Every structure is written in structure tokens, then in C-alpha cells.
Amino acid sequence: MTHPALVVLHKEIVDALRDRRAFALAMVYALLGPLFLIPILRVTADSLNRRENAPVVVAMDGAAHAPSLVGYLREHAIEVKPFSGDPFAEVKSGREDVVVVVTPEYAAELREGHAAVVRVVTDTSRGTAGPMVRRVARQVELYGRVIGQMRLLARGIDPQAASGLALEIDDVATPSSSGAILLSGLPMFLLLAVFAGGAHVAIDVTAGERERGSMEPLFATPLTVRQLALGKLGAVIVFSAATLLVSDVAFSLVISLAPPPQIAGMRLELGPMVALRIFAGTAPLVLPVAALQILVASRSKTVKEAQTATMLLLMIPMLPGVALALSPFAATNLTMLVPSLAQAQLITSSLRGAPLEGAHLAIAVASTTALGALLTLVATSRRAWDKVVAAR
Amino acid sequence: MIRVEAIHKRFGDVVAIDAISFTARDGEVTALLGPNGAGKTTTLRILTGVMLPDRGAAVVDGVDTATSPEAARRRVGLLSDQRGLYTRLTTRENVRYFGRMHGLGGAPLEARMDELFAVLDMRAIADRRVEGFSLGERLKVALARALVHDPSNVLLDEPTAGLDVMTTRALRLMVRRLRGEGRCVILSSHVMQEVEELCDRIVVVVAGRVAADATPEGLRAATGEASLEEAFVRLVGGDAPEDGARRGEARPFAGAPRAGGAEGGEP
């Protein structure tokens, strides 16, 4: 004789698989991230990259005094257009974002070995001016450094002696922002898959079954509440875990087939081993989530009520994602005690390719499983099912 | 055999069952007759152990439903008033699910289902999904489901509600057949004609109490009415509306005379 809980599990899986809406919904949530997050990331990064490297035209007052500076800028994708008038008025009025001013003394100051003044007039309160002025200022400064080095060489001094430090600024704005989106977005979507994958099933097998009136005849069989609840919980677990797996594999495929823009200093990889590590790290979360959904849905009087309550639960996977995006904090033994946050951090560290911290994983699995066991006990208790069993 | 011993059930302030006692014997069809909300469905729920009585006991074939509900349920087949079928499953899958709940499985279960499908004339719908079935077809599936474990006691809650003539006939044949097989059948209903035609014994329940417990003839004689319907109307107090439902339930039983001569409760 098959255990009654297994009979329930089998029936609920067959039933849910034939429920096209539930199936489609689970798939939508599973593929939401892979299908939208990565392409959006690519488009944003591409357009940012284009903007960074696209030739810009900058107005220059007195360009005639500094032909070599103009040439240097042109080499670095900054075209110069002649300008005459009041640079302050033009910038303030918004007709120009940036005006470079070269005074007639420029050439003379250079010849005499002084620091020639190049003034950049801008209004950084305008969004478009910021990136442009940074580019122009940087190139002007680099040009100045080149001149300085040539002067030292001319005097027989190693240019390196003049700089005690070699400051190198790499502008990583584009890659790191896309990296941040990916590093906080991917855990969020994977956690969402865990929460959303089984939600419809959880509602259908509790409040749904109650609304359709099939609970009463069921409880006229020797089936106990705990057996029934365990079988139904099992079905939710299967759907939740399957959705997580599909989402994980889809992310892996999308990232491998169409790698997103590189992140400075690290390569984002989601090969089979990383995908496996992510799944193993996240899977324990399925139990408490499924138990919580069964508990909430079985306590609801109607399907509508259950849907509202389950929707609120969807906020949970968002929280660690949002928190990590706002202020990334390191994974510690303490954060591993918090289910959902722990999984988000484990996913992030897997993505970074950081070595697996055994202690972290152990604590996360233990705390999440403990919470899952506790919720399972409550969700399969006769008390939790009072409403479903008795009322109609 | 089912014995109901002075059960009492209260939901909050509402007394659903005040004091109900009766015995339903094997090889007989016992009717639970009463207006809506009289406590018929609650009584049946107590018989299956889905609900526990606050006081009193329900005993199925000598097994107390309160102390060993699982054992009691094995002896009972329930056709609930809400058929509650799984529409995405086929007839066979619906019935098989319940069979497996009762510990059946494999070839014996399949054979039992084939037998039931033949008797209920439903082989044509055996492997179709329940989605879109007519009320009559749904009743047959629910009935096959209630009988799959060959229970010695069968509870039918409003079995003919909403059925067409042919399905009602088929159901009556089935009820007679169950009686002929020596099973104890309890049928809750407020359809007088059906009760008169099928039942050996009638337990009239009004406002959570047994107003009468007699044979149809006994009931007519006791109330001095020629038709069972008139007898029933007298028992429920004449003015009790058919769907007087819940508010009648809370009210202490008044106005309905105890059927003199009819046995009340315990034999």
C-alpha cells in the first residue's frame, strides 16, 4: 500500500501539470529574469558604452592659440568647434554644455615652461554636461601631463621622478553599474522563482480545493490531516524547486550564450558548475517557502484571500535584493542565519566566483532547514487546517 | 449498522444539533428528513468523523467515530452534497484517488472500478476528464467514488438534487441494490416522494432534534395525515419555510408536536 501522503502528492502533481494556467505562470516567473534582465542589461551597457566613446563636439574659445591641444583632443574623439562670445552666458543659458577657454597667453606660457591655463566652463547641474566635462577635463589633464613629461626629459630628468605616485583612474561607471544590477538582480529573480513557482499550486490545493467542495468527501476517507497536508506540501515543493531549476539553467544558458558586458576586475561566469552551486545553495529555501505558502493559503477563506496573502509573501525575496543593491554588506555567519538573505548572498558569491565558504553554506542550510521544519510542523497541524476541513 | 447516541453540536452561539439519536440498520434505507438547516449535513459529518460531537457518540459497526475515526471511515462511503470532483482528472483517476486513500491499489482496485462503472452504466465516461460533465454524470462519479472501498454503510447527502429523471431512476435502482446487498444506507433528503418510495425508516429532524422516527406508514398513522408530506408539514410546525435554514436552527424546538406513538431515538 502506498503511503497516503504519496498518493496525495502524485495526484496533486498530475492535477497541477494539467492546470495550464499554473504551469504557464510558473514558467513565466522562471524565465522572467533570464529573458528580460540580461537583454535589458546589454542594451543599457551598449548605449552607455556608445556614449562614452562616441565623438563629442566641444566649443573652444581661442582654439587658434592651441593647435596641438586641438589635435590631441581630436585624436581622443573630441572634436573642437570654434567659439566666440561670453562663455559664461552661453553655458548658463544652456546653448552650450561645455566651453573650453584658451587665452592668448597660452602659447607664451607653454614656451616659458609655466603652467598654461585652460579653463573649462560648464554647468554640472545639467545631466548632459557631467559626462562630457569629465571626458574633456581628463584629456586636457593627460595632455598637460604629456607636456610636463617632455619638459622633464628635455632637462635630463626621468619623468617618473616627478611623480611620487602613479595615480590611475579607470572609469568603471558602466561595467560596475551593470554588474551591480546583475549581482543584485539575479539573486532576486532566483528567489522570486522559488516563491512564485509553487504559489499557484499552494493556493489551488488548499483554498481552491475547499471552494470546489472536494475536501469533505476526502476527509471521509481514512486520510489524516497531516498526511493530506504533507502530500500537498510536497507538490508545492516540487513546483517551487522545478521553477528554481529552470530559472537557474536559463540564466546559465543565456549568460553563456550571450555574455553580458564585462565587469571591471572580474568575469561573470555562470557555467554548469556555478549553476549547480547556485541551485544547491538556494534549494533549501524551497522548504520554508512552500510550508509558509501552504500555511497562509490554508488559513485563507477563499482563493482570492489566499492570492492576496501569497502576493504579500512575494515581497520577501525582494527585500534582500533591494537591501544588497542599496548598501552591499558582506556575507557573515550572522547574515547566513537569515533565510532568503543568506541565499541571496550565496548566489552573489557564486557569481563572483568566490571560493565556497563551507561554514557559511552549513549555517545557511541549517538555519533555513530548521525554519522549514518548524513551518512544516505548523502547516501540517490539524489546527492550521481547521478552516479548510470544517467550513465550506 | 450506525448508531447515533444523543449527539450535540454547537457552532459558536448556534446550536446545530440539540439532541439527535437514531439507529440505522443493515439492509434498510434510513431517511434523514428535515428542512434545510435542520442539522442533517452536520449529523452526516459527525458520522464520518469529519466533525466531532460536543456530546454523545456516533458508532459505525461498533466503532466509535470519535475514538477511532479512521477505522470508522473505512466502513463508511459518503456522497457529500457538494460532489467535489477534480475536474482536471478523469473519472477513473478521481475514483482511483479515493480507492488508494482506503488502501486499495493495483489490479483489485481496477477491477472494482470496472465493476462499479458497469453497474452505474458509466463506462463511456470512465476515461474522460470530469470537466464539462453533466450533473448526472458527476453524481455517478461521486457515487462510484463513495462505493469504491465496498463500504458496509453508505451515506447519501441530498443525492437527487438537480438530477434529471433518468439519473434519478438510476440512482434509485442503485440505492435498492445497496439495500439488497445488506448495506446500511442513510439518505438525507427533503424530497418527500423519494423518501416515501425508497426508505424503510424515516427520521425527521427539525431544528437539531429528532421530531419523529418511524416507518412511512407509522409516520402517517402517528400524525393522522394521509400523505407523508402533510405528516412532515405537521411535524416541522407547519409554518417552517423549506429554506428557513439557520435562524430556525438556533431557535429552541417549538410548535412541532412529538409524533405520538412514533419511537423517539433509541430503540
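Computed from a predicted structure; not experimentally measured.

Q: Just checking my understanding: could you explain the sheet that holds strand E3 (residues 98-102) of chain A for this structure?
A: Within a sheet, each strand pairs with its neighbour through backbone hydrogen bonds, oriented either parallel or antiparallel. All names here are of chain A. Taking strand neighbours across the sheet as the criterion, the four strands line up as E2-E1-E3-E4 in an open arrangement whose pairing is mixed. Every interior strand has two partners, whereas the edge strands, strand E2 (78-83) and strand E4 (118-122), have only one. Direction aside, neighbouring strands of the sheet carry axes that sit 35° apart on average. In terms of strand pairing, strand E1 (residues 56-61) meets E3 through three bridges, oriented parallel. The partner of Met-60 across the bridge, within E3, is Val-100. Set on the sheet, helix H6 (residues 129-154) makes contact with E1, E2, E3 and E4; between it and E4 the angle comes to about 175°.

Q: Explain the interface of chain B and chain A here, please?
A: One frequently used descriptor of interface size is the decrease in accessible area upon assembly of the parts. Contacts between the two partners involve 23 residues from chain B and, on the opposite side, 21 residues from chain A. Mapped onto the side of chain B that touches chain A, the elements with two or more residues apiece are helix H2 (69-74), strand E6 (76-79) and helix H3 (91-101) of chain B. Ranked by the residues each element gives to the side of chain B that touches chain A, the list is headed by H3(B), at four residues. Looking at side-chain class alone, the side of chain B that touches chain A contains 10 nonpolar, seven polar and six charged residues.

Q: Help me understand the environment of A:Leu285 in this model?
A: Residue and element names in this part refer to chain A. Inspection of the secondary structure assignment puts Leu-285 in the loop between helix H12 (272-282) and helix H13 (286-298). Residues Leu-285 and Val-194 lie 91 residues apart in sequence; the distance between their C-alpha atoms is 7.6 Å. Apart from the residues lying within four places of it in its own chain, the contact partners of Leu-285 are Val-194, Pro-339, Ser-340, Gln-343 and Thr-368.

Q: Would you mind showing me how to read the pairing of strand E7 (residues 153-157) of chain B here?
A: On any regular strand, side chains alternate: one points to one face of the sheet, the next to the other face. Residue and element names in this part refer to chain B. In terms of residue burial, E7 counts as a mostly covered element, since five of its five residues are buried. Covered by surrounding structure in E7 are Asn-153, Leu-155 and Asp-157 together with Val-154 and Leu-156, the residues of both alternating faces. Inspection of the sheet shows E6 paired to E7 by four bridges, in the parallel sense. Within E7, the position partnered with Leu-78 by the bridge is Leu-155. Across five bridges, E7 lies against strand E8 (residues 184-189) in parallel orientation. In the strand pairing of E8, Val-154 is matched with Val-185. With helix H6 (residues 165-180) bridging E7 and its parallel neighbour E8, the resulting β-α-β unit is right-handed.

Conventions we followed
Residues numbered from 1 in each chain as written. Chains lettered and ligands numbered in written order. Predicted model: local features only at pLDDT ≥ 70, side-chain atom pairs only at ≥ 80, totals over all residues. Pairing = 2+ DSSP bridges. Helix = DSSP H or I, 4+ residues; strand = E, 2+ residues; numbered from the N terminus. Axes fitted to C-alpha atoms, helices over the stretch in contact; angles between N-to-C directions. Contact = placed C-beta atoms within 7 Å. Nonpolar A, V, L, I, M, F, W, Y, C, P; charged D, E, K, R; others polar. Buried ≥ 20, exposed ≤ 12 C-beta atoms within 10 Å, placed from the backbone. Right-handed = clockwise from strand over helix to strand, strands pointing away.

Geometric values such as these leave the question of function open.
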